[in-house]
Amino acid sequence: MTKLSKKTLKSELISLLESTLATLETAHAAAREGATHEEAKPENDKDTRALEQSYLARGQAMRIEALKAGLASLGVMSIAPCEAGKLGALLEAEDEDGETVRYFLAAEGGGTKLKGGVQVVTPASPLGAALVGKRAGDEVELKLGGKARVLVVASVS
């Protein structure tokens, strides 16, 4: 397997999340405009267009703030070599089918796929929580989607 640079993975993740942030900010501006636009004024007491738009804008604003906080955490996340799973660790494991899987433990961006087939997991997810503290040779047992999975950690860097 190709040796992956954690610095490259971190940079790629930050770039993808910054792009997501820009998209969210554009959508938020449109929702905010829709909530205050002249045509959004209620025509009767049952017309809730403006209210719905304001709820959408508020939800987007909250997601934007959470993503900004996550990006700040990623910016200061250490990628120094490590022997156990922690934020900034790259773990390679073998699943029950003998397939090699790679996980990058990060504070934000869970579920994102990076180059080299690396999946980002956060400690807030069941898989990420199970990988925290694991070392090469450790076995990880967890249930995902109602299915029991067993992973054997091959390496941690």
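Before reading on, note that the structure itself is shown above.
This one's a predicted model, so the numbers in the text were calculated from it and none came from an experiment.

Q: If you had to explain the environment of E96 to someone new, which residues and values would you point to?
A: Its place among the elements puts E96 in the loop between β1 (90–94) and β2 (100–105). Overall, E96 belongs to the partly exposed group, its relative accessible area being 39%. Counting along the chain gives 53 residues from E96 to R149, while the straight-line C-alpha distance between them is 7.0 Å. Beyond its immediate chain neighbours, meaning those up to four positions away, E96 contacts K147, R149 and V150. A distance of 3.1 Å separates a polar side-chain atom of E96 from the backbone nitrogen of V150.

Q: Which residues make up the side chain of T112, and what values do they have?
A: Summarising the element assignment, T112 is placed in the loop between β2 and β3 (113–114). You can call T112 buried: its relative accessible area is 18%. Here the side chain of T112 touches G109 through a polar contact of 2.7 Å, landing on its backbone oxygen. Apart from the residues lying within four places of it in its own chain, the contact partners of T112 are L13, L16, V118, Q119 and V120.

Q: Now, about the nonpolar core: what can you tell me, with residues and values included?
A: Counting 18 residues, the largest nonpolar core has L9, L13, L74, F104, A106, L114 and V118 as the members making the most contacts within it. The set of elements that each furnish at least two residues to this core consists of α1 (6–36), α2 (49–76) and β4 (118–121). The biggest single contributor to this core is α1, with six residues. Once residues within four sequence positions are removed from consideration, L9 is found in contact with L4, L90, F104, L114, K115 and V118. Counting 16 residues, the second-largest nonpolar core is a separate cluster that includes A89, V101, L127 and V140.

Rules used in this analysis
Residues numbered from 1 in each chain as written. Predicted model: local features only at pLDDT ≥ 70, side-chain atom pairs only at ≥ 80, totals over all residues. Heavy atoms only, no water. Helix = DSSP H or I, 4+ residues; strand = E, 2+ residues; numbered from the N terminus. Buried < 20%, exposed > 50% of the residue type's maximum accessible area, 1.4 Å probe, protein only. Contact = heavy atoms within 4.5 Å. Polar contact = N/O pair within 3.5 Å; in protein donor to acceptor, adjacent residues only side chain to side chain. Core = buried A, V, L, I, M, F, W, Y, C linked by side-chain atoms within 4.5 Å.

Fair warning: the whole summary comes from geometry, so function is off the table for now.
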